Structures are given as structure tokens and as C-alpha cells.
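Residue-level listing of the chains:
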Amino acid sequence: MSEIPVAGRQQPSAGRGKSKQAQPEVVDKLPRKRACTSSVWEHATKFDLNGYSCARCNYCGATYKAHPKKNGTTSLRNHIESCAKNPLSDSC
Ligand SMILES: [Zn+2]
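Let me sum up the structure you'll find in this document. (Residues numbered from 1 in each chain as written. Predicted model: local features only at pLDDT ≥ 70, side-chain atom pairs only at ≥ 80, totals over all residues.)

Attention now goes to the sheet that holds strand E1 (residues 44-49). Ordered in space as E1-E2-E3, the 3 strands form an open sheet in which the pairing is antiparallel. On the outer flanks of this sheet lie E1 and strand E3 (63-65), each paired with one strand and no other. On average, each strand axis in the sheet is tilted by 35° relative to the strand beside it, whichever way the strands run. By the bridge criterion, 6 bridges tie E1 to strand E2 (residues 52-57) in an arrangement that is antiparallel. Of the residues in E2, the one forming a bridge with Ala44 is Cys57. (Pairing = 2+ DSSP bridges. Helix = DSSP H or I, 4+ residues; strand = E, 2+ residues; numbered from the N terminus. Axes fitted to C-alpha atoms, helices over the stretch in contact; angles between N-to-C directions.)

We now examine the environment of Asn71. As for its position among the elements, Asn71 is in the loop between E3 and helix H1 (74-82). On the neighbour-count criterion, Asn71 (16 C-beta atoms within 10 Å) is partly exposed. Between the C-alpha atom of Asn71 and that of Ser53, which follows or precedes it by 18 residues, the distance is 9.2 Å. Those residues in contact with Asn71, other than ones at most four positions away along the chain, are Lys65 and Ala66. (Buried ≥ 20, exposed ≤ 12 C-beta atoms within 10 Å, placed from the backbone. Contact = placed C-beta atoms within 7 Å.)

Next comes the structure, spelled out in C-alpha cells:
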């Protein structure tokens, strides 16, 4: 039986100089996604489905109900702004 030498038990050197960097506060109050689509109708086409106003995305063909009173264009606009095929969705 031979003793196993416990060699080099390194202790982590206590961190001296704290890296205290003045980090600029990230002010992120502004919504990142601004409505860059001036008009959803530049990106979607209105059509009528059984008398109901609908809209079809020009890029991916997704259809949304777009009744001006019942639905509005909010969901359509949201889609346009996040549509993966919308060339403008990235650049704003
Ligand atoms: Zn789309």
C-alpha cells in the first residue's frame, strides 16, 4: 500500500481586482418593432369571402379576416410585420 500523493491541490486564486466596468444602462423602453408598414394593404390584398372582408398576405398567402368593424386589421398587420416572407419585416 503506497500513499497516493495528493499533488498540486490548487486553490482558485481569490479574484482580486474586481472587474468593475461601468456598463451602460440599456434603455429599452421603445418597442423594438415599430409599425413600419404604412399600410397593410401594400402587403396584403383584400378579398371577399362569402360577403366577409378578408385579406391575404401577398408574401405567404396567409389569409386573415379583416372586417373593418369586427376584426380591424390588427391581426393582419401583426402578421405582415412578422411574416417570414415579408422582405420588410427584417429591416425595420
Ligand atoms: Zn405572410
